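Chain by chain, the residues run as shown.
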Amino acid sequence: MIKDTNKVSIRGQKRVLFVFAIILVFMFLLLFRTAWIQIVKGEEYTERAVEQQTSDIPLDAKRGSIYDRNGEILASSTTSYNLWVRPAQLKENYTRERLVEISSLLAMDLSMDAGKILEKMTSESALVKITGGLTKEVADRIKEHGVYGLELAAYTNRLYPLGTTAAIVLGSVNVDGIGRSGIELEYNEYLSGVAGRTVHDQDLAGNLLAFGESKTYDAQNGLNIELTIDEVLQHYLDDAVLNGLNTTKAEKVCGIAMDPKTGEILAMSVYPTFDPNNATEPADQEAKKAFEKLTENEQLDIIYDLWRNPIVTDIYEPGSTFKLITSSAMLEEGLANPDTEYYCGGTITVYDAEISEPLDEIHGQQTLTQAVGNSCNVAHVQMAQSLGINRLYKYIELYGLTSITGIDYPGESGSMIYDKDTYGPVELATTGFGQGIAITPIQLITAVSAIGNEGMLVQPHLVRRLMDDNGETVLEYRTEAVRKVISAATAHEMLSIMEQQIEFYGGTNAKIPGYRMGGKTGTAERVVENSEGGYDEYYNTSFVSLVPIDNPQLAVLVVCYAPKAGQFGSQTAIPIVKEFLTKALPYMNIERTDSVAQEYQEIAYSYVPDVTGMTYKEAIEVLKAYGLNYAVRPESSEDEVDDDMDFVVVDQYPKGGEKMPNEDIVYLYRE
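Note that the structure is a prediction, hence the values are computed from the model and not measured. (Residues numbered from 1 in each chain as written. Predicted model: local features only at pLDDT ≥ 70, side-chain atom pairs only at ≥ 80, totals over all residues. Heavy atoms only, no water.)

Asker: Got a minute to help me understand the overall build of the protein in this structure?
Answerer: The number of helices and strands found in the protein is 22 helices and 28 strands. Within the protein, the proportion of its 671 residues that are buried is 48%. Excluding contacts between residues fewer than 6 apart, the proportion of contacts in the protein whose partners are at least 24 apart in sequence is 71%. A total of about 32,300 Å² of accessible surface is found on the protein, and carbon and sulfur atoms cover 51% of it. (Helix = DSSP H or I, 4+ residues; strand = E, 2+ residues; numbered from the N terminus. Buried < 20%, exposed > 50% of the residue type's maximum accessible area, 1.4 Å probe, protein only. Contact = heavy atoms within 4.5 Å. Areas by Shrake-Rupley, 256 points an atom, 1.4 Å probe, with all protein chains shown as cover.)

Asker: Help me out: how do you make sense of unusual backbone geometry in this one?
Answerer: Glycine aside, a negative phi is what most residues show, and trans is what most peptide bonds show. Across the junction of Tyr271 and Pro272, the peptide omega takes the value 5°, indicating a cis bond. Tracing the backbone through its elements, the reader meets Pro272 in the loop between β10 (265–271) and β11 (274–275). Note that the residue after Val547, namely Pro548, is joined by a cis bond; omega there is -15°. Here Pro548 is to be found in the loop between β22 (535–547) and β23 (554–561). In this structure, Ala166 takes a positive phi of about 60° despite not being glycine. A positive phi angle, close to 55°, is found at Ser375, a residue other than glycine. Considering the arrangement of structural elements, one finds Ser375 in the loop between α15 (368–373) and α16 (377–398). When its relative accessible area of 15% is taken as the criterion, Ser375 is described as buried.

Asker: Even after reading the chapter, I still don't get the sheet that holds strand β28 (residues 665–669), so can you show me in this structure?
Answerer: The pairing of strands in a sheet happens through backbone hydrogen bonds and is either parallel or antiparallel. The mixed open sheet is built from three strands, whose spatial order is β25-β28-β26. Bordering the open sheet on either side are β25 (629–633) and β26 (651–653), each of which pairs with just one other strand. This sheet shows a mean twist of 25° between the axes of neighbouring strands, independent of strand direction. Here five bridges tie β25 to β28, and the two strands are oriented parallel to one another. Looking across to β28, one finds that Asn629 is bridged to Ile665. Strands in contact with helix α10 (residues 231–248) are β26 and β28; relative to β26, the strand with the most contacts, it is inclined by about 70°. (Pairing = 2+ DSSP bridges. Axes fitted to C-alpha atoms, helices over the stretch in contact; angles between N-to-C directions.)

Asker: Could you clarify how one ought to interpret the packing of aromatic side chains in this entry?
Answerer: Aromatic ring pairs are reported here in terms of the distance separating the ring centres and the angle at which the planes meet. Taken as a whole and assessed by the stated rule, the structure comprises 10 aromatic pairs. Consider the rings of Tyr393 and Tyr423, whose centres lie 6.1 Å apart with planes at 80°: the pair is edge-to-face. Residue Tyr393 is located in helix α16, and its partner Tyr423 is located in the loop between α16 and α17 (425–432); the two are separated by 30 residues in the primary sequence. For Tyr393, a relative accessible area of 10% puts it in the buried group. For the pair Tyr616 and Phe647, a centre-to-centre distance of 4.9 Å together with 25° between the ring planes defines the contact as stacked. One end of the pair, Tyr616, is in helix α22 (residues 616–625); the other, Phe647, is in the loop between β25 and β26, with 31 residues separating them in the sequence. (Phe/Tyr/Trp six-rings, centres within 6.5 Å; stacked < 30°, edge-to-face > 60°.)

Asker: Please explain the packing of helix α4 (residues 96–110) against helix α5 (residues 114–121) as it appears in this structure.
Answerer: Geometry of a packed helix pair, given as the angle between the helix axes and the separation of the axes. Their axes nearest at 8 Å, the elements α4 and α5 cross at an angle of 125°. Accordingly, the angle class assigned to the pair α4 and α5 is oblique. Read as a crossing pair, α4 and α5 show a hand that is right-handed. Residues Arg96, Leu99, Val100, Ile102, Ser103, Ser104, Leu106, Ala107 and Leu110 of α4 form the contact with α5, whose own contacting residues are Ala114, Ile117, Leu118 and Met121. Looking at side-chain class alone, the contact of α4 with α5 contains 10 nonpolar, two polar and one charged residues. (Parallel < 35°, antiparallel > 145°, perpendicular 65-115°, else oblique. Left-handed = near helix turned anticlockwise from the far one by under 90°. Nonpolar A, V, L, I, M, F, W, Y, C, P; charged D, E, K, R; others polar.)

Asker: Would you explain the sheet that holds strand β9 (residues 252–258) in this entry?
Answerer: With antiparallel pairing, the five strands of this open sheet are ordered in space as β10-β9-β23-β22-β21. The open sheet has two free edges, formed respectively by β10 and β21 (518–527), since each of these has just one partner strand. The average angle at which neighbouring strand axes cross in this sheet is 10°, direction not considered. As paired elements, β21 and β22 share nine bridges and run antiparallel to each other. Bridge pairing links Thr523 to Thr541 in β22.

Asker: Could you clarify how one ought to interpret the pattern of salt bridges in this entry?
Answerer: Between side chains of opposite charge, a pair can form as their charged atoms come close. Taken as a whole, this structure holds 23 salt bridges when the rule is applied. The residue Glu72 makes a salt bridge to Lys655 at a minimum N-O spacing of 2.7 Å. Placement of the pair is Glu72 in the loop between β2 (66–67) and β3 (73–85) and Lys655 in the loop between β26 and β27 (659–661), with a sequence separation of 583 residues. For the salt bridge of Glu333 with Lys394, the shortest nitrogen-to-oxygen distance reads 2.8 Å. Highlighted residues: Glu333 in the loop between α14 (323–332) and β13 (341–344) and Lys394 in helix α16, separated in sequence by 61 residues. Linked through salt bridges whose partners overlap, the residues forming this network are Arg69, Glu226, Glu264, Arg464 and Arg465. (Salt bridge = Lys/Arg side-chain N within 4 Å of Asp/Glu carboxyl O.)

Asker: Would you explain the packing of α16 against α17 in this entry?
Answerer: Axis separation between α16 and α17 bottoms out at 8 Å; the angle between their running directions is 95°. When the axes of α16 and α17 are compared, the pair comes out roughly perpendicular. Residues His380, Val381, Ala384, Gln385, Gly388, Ile389, Leu392 and Ile396 of α16 lie in contact with α17, whose contacting residues are Leu428, Ala429, Thr431 and Gly432. Considered class by class, the residues forming the contact of α16 with α17 number seven nonpolar, five polar and no charged.

Asker: Can you walk me through the environment of Ile549 in this structure?
Answerer: Counting through the fold element by element, Ile549 comes out in the loop between β22 and β23. The exposure class assigned to Ile549 is buried, which follows from its relative accessible area of 3%. Between the C-alpha atoms of Ile549 and Gly518, which are 31 residues apart in sequence, the distance is 5.7 Å.

Asker: How do you make sense of the nonpolar core when you look at a structure like this?
Answerer: A general trend in soluble globular proteins is that nonpolar side chains are found buried together. Ranked by internal contacts, the top residues of the largest apolar core, which has 132 residues, are Leu227, Tyr399, Phe580 and Leu581. At 10 residues, α16 tops the list of elements feeding residues into this core. Excluding residues that lie within four positions of it along the chain, Phe580 makes contacts with Leu233, Tyr236, Leu237, Ala240, Ala257, Leu554 and Val556. The next biggest cluster of nonpolar side chains, apart from the first, holds 21 residues, and it includes Leu99, Leu106, Met121 and Val128. (Core = buried A, V, L, I, M, F, W, Y, C linked by side-chain atoms within 4.5 Å.)

Asker: So what exactly am I meant to see when it comes to the environment of Ile311 here?
Answerer: Summarising the element assignment, Ile311 is placed in helix α13 (residues 310–313). As for Ile311 and Leu444, which are separated by 133 residues in sequence, their C-alpha atoms are 9.7 Å apart. Ignoring any residue separated from it by four or fewer positions in sequence, one finds Ile311 in contact with Cys254, Gly255, Ile256, Met268, Ser269, Val270, Thr440, Pro441 and Ile442.

Asker: In this structure, what is going on with helix α12 (residues 296–307)? I would like to understand it.
Answerer: Two residues of an α-helix separated by three or four positions point the same way, owing to the 3.6 residues in each turn. With 12 residues, α12 ought to run about 16 Å at 1.5 Å a step, and its terminal C-alpha atoms sit 16 Å apart, in line with that. Considered for burial, the residues of α12 that qualify are Ile303, Leu306 and Trp307. The buried residues of α12 occupy one face: seen down the axis, they fall within an arc of 95°. Exposed side of α12, more than 90 degrees from the buried face: Asn297, Asp301 and Tyr304 are the residues found there. The inward-facing, buried residues of α12 contact α7 (167–170), β11, β12 (278–282) and α11 (285–292). (Expected span 1.5 Å × (residues − 1). Arc of directions from axis to C-beta.)

Asker: What is the right way to look at the side chain of Thr367 in this model?
Answerer: Residue position: Thr367 is located in strand β16 (residues 364–367). Judged by relative accessible area, which is 15%, Thr367 ranks as buried. Excluding its chain neighbours within four sequence positions, the residues that come into contact with Thr367 are Pro338, Asp339, Thr340 and Glu341.

So, in structure tokens, the structure goes:
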């Protein structure tokens, strides 16, 4: 039988064409997939490859330290180390027996269980963290072992050696070392520095490639900060404010001390407070117990309140301290002199509003000086009416009360003052004696400081300069004059009026023998914080002082929020200011008059021994031998018995070699 060769040939050709078509389809799909990988997904796969082939270990920059004006360290960063292991490298280079030996060596260095270390060293993961928080000494010992596959990465811890001292000024950092309040937040960009990193080329198992690259990009340390704060004055103010909080039973007490000529803040204190070393709970032991029983949201409210600085962020009605503004405007405008007379019959009617004196007092005929001394509302209503809204508002603006001060601190609030065009006669009258307007404490002390600076308003500030690691100045912050508010002549008249307030009127209990002082008390109703407004049954009390009055070197303001033990500034705020000034003035070498100085030479003083580095028990034995009192900071809890406490004194105040009255307290600081 003869086969049809033409048909066989055609079928073969079809098979070849079919196979060829299939090959073309596969080639097309392969080309499409290749194009998809290289073009569409190329960037993504490149990134994945780099991630797999690259070991990138961050190197933290050391956060800059914060110092007081005399070089006392207030916040610092200590370098610690994390220990990492690459199990694949260990398995490749060491036997099981050798790994057991290495884990035993590390266990002694790290005070860890050798079994747990061995478990991590033989893990299937590419990179495992063994532990963290290692000191440089421990890190150096680990390096000496020369184990291939162990890696140390440096990072920084934030330490506040003086605990709660200046806590509201310093603020704190979060777990990532980023500032979250205070100076730590305001200057975070300067303090943080720039992080570095170590980059290695590796295979999928984490082994370093023989011909791969290894680069280290060094971290750039943050800048150091020198504050205007004086640590000694800060201690004095902290003690006075804390004592005042306990005595007055106030919700909160704040105090600020400022150089009226430079605007430098020498001390700033708010209580209740927190410890920046553990900023997420109250510092007070009793408050801490109550805090632990609250819900998470309630705890957050308390923490945010502790972090908030009312001196800068909260407004309040200043009350009678504002009378210094009204009376100085009268003098500057030539509408009155210190002897101009006003009559007070106890009340004054302005349209349909009757304004009266506290406690129904009747001051009768009195001069402007006496009206300020008597803190007379009626007289200051008359002054405000004489000025009129345009002139009074001009001085409110000149004193900086309609704008923020510009202090270098986060979250500064502006005031709450009627718009000039909406002022009515009643609003004008109440403004004259400091009610119906709301300002911040930093605005008030800045304004009053202008009186102590011959009428020149200066910007308050907390930082003097930024420094590098060698102590060289990178940026300096100098005194910044804002504007001339009143003439030097008017300022001198106001200083005399403020001095008479202390000598003869409501501020007499502020007197400190041998010092010429000036001041003004304030008591104002407290606004209810709700949509309806109005006032509650509590008052905010205050006292502002300039000293010495003939050449003011210190402006001090204390505000007590809703004190329960005392309604007036003379009962609540003055004792706090007096306690502070009694210690601050001798420390600042502001001399008493000759007749009084002799009396104070009879006070018993002792030189403080240096007990830093000693154990607590050793330190208190030395202090007892000197007849000195002592206290622990942070404060001990109720379950800590004094004699059983066991810690090393990391710092003390006053410092060793300083002279102090025997009745004062030496504070011993622990970590």
